[in-house]
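Structural overview for review
In case you want the letters, here they are:
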Amino acid sequence: VTMELADGRVHCVECVGGDGTSAAELRQVLVECARALPFMRESIPKGYTTVKDACLAHEWGRVAVPMEEAVEVLRGQCEGQTVDVHGALGFWSLLGFMLVHDDWLLPRPTDMIDLVRPLVHHDPLAALDKTLARARPSAAAQDASADWVVPGFAKLGRDEQAGVRRMVERLVHDKVLCEELQAHLRGWKDASKPERDALLGVLVQFGLVVSHDVGGEAGRSGAGGDAREWLCTCRMDSTPGGAPWDKSEWQKFAGATEMVPVVTYTPEYVTSALFPHILASQMSSREYKAEHRRRQTLKGCLLSVQLQATAERHEFFQLALTKGADGATQIVVAASSVGLLRSLCACVERVASWRFPGLSLAVQVHFSGADGACVWRIGADMTLGRILASKDWDRSVRVELLEPRETVSMKTREIFMAAPGIFFSHSWKDRSIQVGPFIRDQIEMRMRELVWYDEQMMSTEDQFQARMNEGISNAWAVFVFLSLEALSSGNCLREICQARERQLDPTANTRIIVFAMEKEVTYAEIAAWPVKSFTFFSAKDRVPRTVHARTVKWVKEHLLGVNIYQEWVEGRPDDPEKQSQALDRIISNLRKPLDRPADSKPPPEFEIENQGEVWILGTKGDAELPAEALVPPHSAGTTAVAPAKAAPPAATTAATAADETPQSSVGTTAGTSSELPAAAPVEPSATTEVDATDKLGIEVETAPQDPAGATADPLQTPVDKGETQLPREVKAFLEERNLQLSQRDEAALVQLGVGALDDLSFLDEQALEGVGLKKVLAAKLLQAIRLRIAEQAPAVQPTPSPTPWAPPPPKRSGCCTLS
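Presented here is a report on the structure given in the accompanying data block. (Residues numbered from 1 in each chain as written. Predicted model: local features only at pLDDT ≥ 70, side-chain atom pairs only at ≥ 80, totals over all residues. Heavy atoms only, no water.)

1. Quick notes on the packing of aromatic side chains
Following the criterion strictly, the structure yields 16 aromatic pairs and no others. For the ring pair Phe424 and Phe479, a centre distance of 5.3 Å and an interplane angle of 20 degrees mean the geometry is stacked. Note that Phe424 is positioned in strand 18 (residues 422-425) and Phe479 in strand 20 (residues 477-482), a separation of 55 residues in sequence. Taking 6.1 Å as the distance between ring centres and 40 degrees as the angle between the ring planes, the aromatic pair formed by Phe515 and Tyr565 counts as tilted. (Phe/Tyr/Trp six-rings, centres within 6.5 Å; stacked < 30°, edge-to-face > 60°. Helix = DSSP H or I, 4+ residues; strand = E, 2+ residues; numbered from the N terminus.)

2. Points about the nonpolar core
Counting residues in hydrophobic clusters, the biggest one holds 51 residues, and the most contacted among them are Trp376, Leu384 and Phe416. The leading source of residues in this core is helix 12 (residues 338-355), at nine residues. Core analysis: the second largest hydrophobic core is formed by 36 residues, Met468, Leu482, Leu560 and Val569 among them. (Core = buried A, V, L, I, M, F, W, Y, C linked by side-chain atoms within 4.5 Å. Buried < 20%, exposed > 50% of the residue type's maximum accessible area, 1.4 Å probe, protein only.)

3. Regarding the pattern of salt bridges
The final tally for this structure, using the stated rule, is 23 salt bridges. The shortest N-O distance in the salt bridge between Arg165 and Asp129 comes to 2.9 Å. With a gap of 36 residues between them, Arg165 in helix 7 (residues 158-173) and Asp129 in helix 6 (residues 124-134) connect regions that are remote in the sequence. Of the residues examined, Asp129 reaches a relative accessible area of 40% and is grouped as partly exposed. The network of salt bridges with shared partners includes Glu179, Lys193, Asp197 and Arg228. (Salt bridge = Lys/Arg side-chain N within 4 Å of Asp/Glu carboxyl O.)

4. Quick word on empty space enclosed by the protein
Under the counting rule described, the total for this entry stands at three cavities of 30 Å³ or more. Lining the largest cavity, in full, are Ser238, Pro267, Val270, Thr271, Ser272, Leu274, Phe275, Pro276, Leu321, Thr329 and Ile331. Among the secondary structure elements, those contributing two or more residues to the lining of the largest cavity are helix 11 (274-283) and strand 13 (329-335). If you tally residues by element for the lining of the largest cavity, the top one is helix 11, at three residues. (1 Å grid on protein atoms, 1.4 Å probe; cavity = no way out; pocket = protein on both sides within 12 Å on 5 of 7 lines; lining within 4 Å. Points joined across faces, edges and corners; volume = space filled by probe spheres on them.)

5. Focus: helix 4 (residues 85-94)
Taken together, the buried positions of helix 4 are Val85, Ala88, Leu89, Trp92 and Ser93. The buried residues of helix 4 occupy one face: seen down the axis, they fall within an arc of 135 degrees. (Arc of directions from axis to C-beta.)

6. Observations regarding the pairing of strand 11 (residues 302-308)
Among the seven residues in strand 11, seven count as buried, and that is most of the element. Where strand 11 lies against strand 12 (residues 314-323), seven bridges are found, and the strand directions are antiparallel. Across the sheet, Ser304 pairs through a bridge with Gln318, a residue of strand 12. (Pairing = 2+ DSSP bridges.)

7. With respect to the sheet that holds strand 5 (residues 104-106)
Two orientations exist for strands paired in a sheet by backbone hydrogen bonds: parallel and antiparallel. Across the sheet, which stays open at both edges, the three strands sit in the order 3-5-4 with antiparallel pairing between neighbours. With one partner strand each, in any of the chains shown, strand 3 (65-66) and strand 4 (99-101) form the two edges of the open sheet. Where strand 3 lies against strand 5, two bridges are found, and the strand directions are antiparallel. By the bridge assignment, Val65 is partnered in strand 5 with Leu105. Across the sheet, helix 9 (residues 193-206) lies against strand 4 and strand 5, angled at about 105 degrees from strand 4, the strand it touches most. (Contact = heavy atoms within 4.5 Å. Axes fitted to C-alpha atoms, helices over the stretch in contact; angles between N-to-C directions.)

8. A short note on unusual backbone geometry
A cis amide bond links Glu403 with the next residue in sequence, Pro404, at an omega value of -5 degrees. By secondary structure assignment, the location of Pro404 is in the loop between strand 16 (396-401) and strand 17 (406-411). Of note in this structure, Arg41 is not a glycine but carries a positive phi near 75 degrees. Checked against the element boundaries, Arg41 lands in the loop between helix 1 (21-35) and helix 2 (46-57). Taking the relative accessible area as the measure of exposure, Arg41 reaches 83% and is therefore exposed. Phi angles above zero are rare outside glycine, and Lys175 is one such case at about 60 degrees. Structurally, Lys175 can be placed in the loop between helix 7 and strand 6 (176-178).

9. Here we look at the packing of helix 15 (residues 432-447) against helix 22 (residues 576-590)
At their nearest, the axes of helix 15 and helix 22 sit 11 Å apart, and the two run at 50 degrees to each other. Relative to helix 22, the element helix 15 lies oblique. Helix 22 is crossed by helix 15, and the crossing has right-handed handedness. Along the contact surface, helix 15 presents Phe438, Ile439, Gln442, Ile443, Arg446 and Met447, while helix 22 presents Gln579, Ser580, Leu583, Asp584, Ile587 and Leu590. Split into classes, the residues belonging to the contact of helix 15 with helix 22 amount to seven nonpolar, three polar and two charged. (Parallel < 35°, antiparallel > 145°, perpendicular 65-115°, else oblique. Left-handed = near helix turned anticlockwise from the far one by under 90°. Nonpolar A, V, L, I, M, F, W, Y, C, P; charged D, E, K, R; others polar.)

10. Observations regarding the pairing of strand 16
Burial of strand 16 is one-sided: the residues Val397, Val399 and Leu401 facing one way are buried, the residues Ser396, Arg398 and Glu400 facing the other way are not. Bridge analysis of strand 15 (residues 372-378) against strand 16 gives two bridges, and the strand direction is antiparallel. For Val375, the partnering residue across the bridge sits in strand 16 and is Glu400. Where strand 16 meets strand 17, six bridges bridge the pair, whose relative direction is antiparallel. Note on strand 17: the bridge partner recorded for Val397 is Met410. Adjacent in sequence and paired antiparallel, strand 16 and strand 17 are bridged by four residues.

11. Considering helix 5 (residues 112-120)
Residues of helix 5 that are buried include every one of Met112, Leu115, Val116, Pro118 and Leu119, and no others. Within helix 5, the buried residues cover an arc of 160 degrees as seen down the axis, which keeps them to one side. Residues of helix 5 that are buried make contact with strand 5, helix 7, strand 6 and helix 9.

12. Here's the deal with the environment of Leu56
Checked against the element boundaries, Leu56 lands in helix 2. For the pair Leu56 and Phe97, spaced 41 residues apart in sequence, the C-alpha to C-alpha distance is 8.5 Å. Sequence-distant contacts of Leu56, defined by excluding residues within four places in its chain, comprise Phe97, Pro107 and Arg108.

13. Regarding the environment of His58
Within the secondary structure, His58 is located in the loop between helix 2 and strand 3. With a relative accessible area of 23%, His58 lands in the partly exposed category. The sequence separation of His58 and Gln77 amounts to 19 residues, and the corresponding C-alpha distance is 9.4 Å. Those residues in contact with His58 that lie beyond four places of it in its chain are Val73, Gln77 and Arg108.

14. What about a nonpolar patch on the surface?
Together, Leu56, Leu94, Leu95 and Phe97 make up an exposed nonpolar region whose accessible area comes to about 400 Å². With a relative accessible area of 45%, Leu95 lands in the partly exposed category. (Patch = residues over 30% accessible without salt bridge, like charges linked within 9 Å, V, L, I, M, F, W, Y side chains within 5 Å. Areas by Shrake-Rupley, 256 points an atom, 1.4 Å probe, with all protein chains shown as cover.)

15. Some words on the sheet that holds strand 18
Judged by pairing direction, the sheet is parallel, and its five strands sit side by side in the order 19-18-20-21-24 without closing on themselves. Strands with a single pairing partner mark the edges of an open sheet, and in this sheet they are strand 19 (451-452) and strand 24 (564-565). The pairing of strand 18 with strand 20 spans four bridges and is parallel. Within strand 20, the position partnered with Ile422 by the bridge is Ala477. Together, strand 18, strand 20 and strand 21 (511-516) form the strand contacts of helix 19 (residues 490-504), whose direction differs from that of strand 18 by roughly 145 degrees. Set on the sheet, helix 22 makes contact with strand 20, strand 21 and strand 24; between it and strand 21 the angle comes to about 165 degrees.

And the structure:
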């Protein structure tokens, strides 16, 4: 026992062997420490001592007593005194005279010894055999130790004996205590189930057992399936192995699988409970469900676990307690991925700080650099778990080269060779900025896999294209956050293109997961797109952007065979439960094997080109599209329109994956994720006229085009596509109402589709602010519009607007109505 006092003195007392004087010496040291505590000699209520004496003198007859019952008994023995019995019991519990746990009182803590004895017995199976031998007629001397585990074992039936022996074997070999076994163990068998639960809670509080819940909430059981289990940390070996851990231990278990840098933790002093708690935390972790644990072995102080990350990928990790080269006790952490290493390091540091506050750990990272073996010694001001969690790969640190002995500077990226296995493709101009970090954190936590997300990966990187190619090449899954912004961005199109190429490559086995960020790119919307160019206004900078007809054709051919998850569509109310369920389905599908159909045809080749400010993604060798499909409507930027919906295709996309259920035309999530090429859908007619909704919420009824390309509208003089000024009648109305609009404000109204005086009737506050009008000006304009409508009554009686507002009936061709 080592104790360090405030004055700097250190007492080392051996209290195991000898004539007993060392135990007395230890007791005196403890008394001196207690007397030095700041609250000693303070006054306490006299009634507290009365409660303590009454509690110790009363014959309770059981180990655990319900708190309310104990309080009533003690109040009866303190007649004539006003005593806070609850406060008194809590006070003496802190000093160890009794124990209070939840709503239970343990009046004599020493009775817990009888409960712990069968759990820590050195040879429980031999005790069972002694019980059977003693029951034979020829048995000689009685051996009392035979009843320390399962008293009366010999009186059980043959089948019941076999069941008890199996559970005791699990206690010995797997360190697992079954709830069913408690009904047979000494000290436990006489307690009721509520009492046993209270006693187990005390053992958990002391760190002697840990809840074992790998399979789910119910855990596992040999019988009914609803019994609980606990890992007995008190049975786990805490003696370091003789030989230091080396790479051969890893190769015996993981074979040729490479491991990332090995981490060693050296505690400043050895506490026997630290490593068992770390082992129990990993063996009972809910992060690694039972169906994903392919192998798990615990030999002495070496835990080896094999996990199934996906159908094609397995992960390995080892935890070992060993002696280092200098003889110091070390905890060794080895893993096959940085994501898994991060989870393990966080566990070690969390257990050490929670169970053993004040215990410092010296951390070293061992790895092979370009110049040979290296060691990074982490200072006391940093923790490796936090460094890995922050993904600060550009941090510069000092590392030691072992041969030759020198110190050099490296980035953490070079040390951990951090190559994320999942790539996020997104635009900085859509709502993926809000939902991306949340999905990234969930995926990293649930799959223990690093995610390539340019919030961290490219914040200080100059060579954007090279890093992007590297990220996709190292990824086995690409998550595409689909939006109109992404389809008009050169970088996003490159990422989507490269991901699709690797998906079609049978040697890469890359999977694609698609999230719709807005309703315009859901399955139903894309399926109804005609193959023609269209323009939209960026929600971020209000700049018109174009999605080319070839890009539209490519998306319909290559992304409609993939499930498009729409739980995060812009404008939908957040539903954490549905989003969590969607992530569960995604992770489940990622772990399934990739079923590729036999296809002898070579995969198509794709190309990306730039025409001015328009980026184009297409398939090499595709037939040329008609000239009218290549020119987006309103190309001068007068009105932002989304692609007009055409009639749904006669035959929906047929996914080629065996487990794929394509989404229906209503755009519901099917629940599975296809990562395989799909047959191209039947292209809808480009002449079908259906209302579409643009980024501003404008419903546009597309008018039929004459051969010359002009809009046919006998009721209204068409506004020239290049016109940026308001019609004279609108200007006259604004002047009459004393509304002075700048040229920019007038252009904004034109942008909203105001081509005639009647068009003002369909403006609202949200649309006006969306195009940049100031709130005061927008309010005055709306008030003037309402007055005009009122002046026209009863000839034109306005319809009361319901809540939420519903769009008015469609206007004549060529006009816009605001939703």
